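This is what each chain is made of:
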Amino acid sequence: YAGLVEPLWFEYLAESWTPTRMETADFASFDVEPISQDDGPDPVCSIAYTPAFTQAHDYFRAFLKTDERSERAFDVTTRCLEFNAA
């Protein structure tokens, strides 16, 4: 059964989902203060994120903190999901 459902699901995603391509300029118009990741005073391992990844997730944290549910919050969430290689 799972073998039949999986190909249909991926076919649906390929046809119906178009990822956003938010650029840095899209964030400039936001009236919220981005929240940087806080790894504490002594991080065990520092990860070298790309500037685009960092910026998207900083705004995601800001929208999460204020519980904003809007199109721009959805776009930022989608952008963050696009960074997930899985």
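This text gives an overview of the structure that appears in the document. All figures in this text were calculated on a predicted structure; none of them were measured in a lab.

A word on the packing of aromatic side chains. Taken as a whole and judged by the stated rule, the model has 4 aromatic pairs. Relative to Y59, the ring of F30 has its centre 5.3 Å away and its plane inclined at 80°; by these criteria the two rings are edge-to-face. Here the residue F30 occupies a position in the loop between helix 2 (24–28) and helix 3 (51–66), and Y59 occupies one in helix 3, the gap between them amounting to 29 residues. In this structure F30 comes out as buried when scored by relative accessible area, which is 13%. With a centroid separation of 4.5 Å and an interplanar angle of 10°, the aromatic rings of Y49 and F53 are classed as stacked. Taken together, F30, Y59 and F63 form an aromatic cluster joined through their ring pairs.

With that settled, the discussion passes to unusual backbone geometry. A positive phi angle, close to 55°, is found at D67, a residue other than glycine. Mapped onto the elements of the fold, D67 is located in the loop between helix 3 and helix 4 (71–82). What makes D67 partly exposed here is its relative accessible area of 48%.

Here is what the cut-offs are and how they apply
- Residues numbered from 1 in each chain as written.
- Predicted model: local features only at pLDDT ≥ 70, side-chain atom pairs only at ≥ 80, totals over all residues.
- Heavy atoms only, no water.
- Phe/Tyr/Trp six-rings, centres within 6.5 Å; stacked < 30°, edge-to-face > 60°.
- Helix = DSSP H or I, 4+ residues; strand = E, 2+ residues; numbered from the N terminus.
- Buried < 20%, exposed > 50% of the residue type's maximum accessible area, 1.4 Å probe, protein only.

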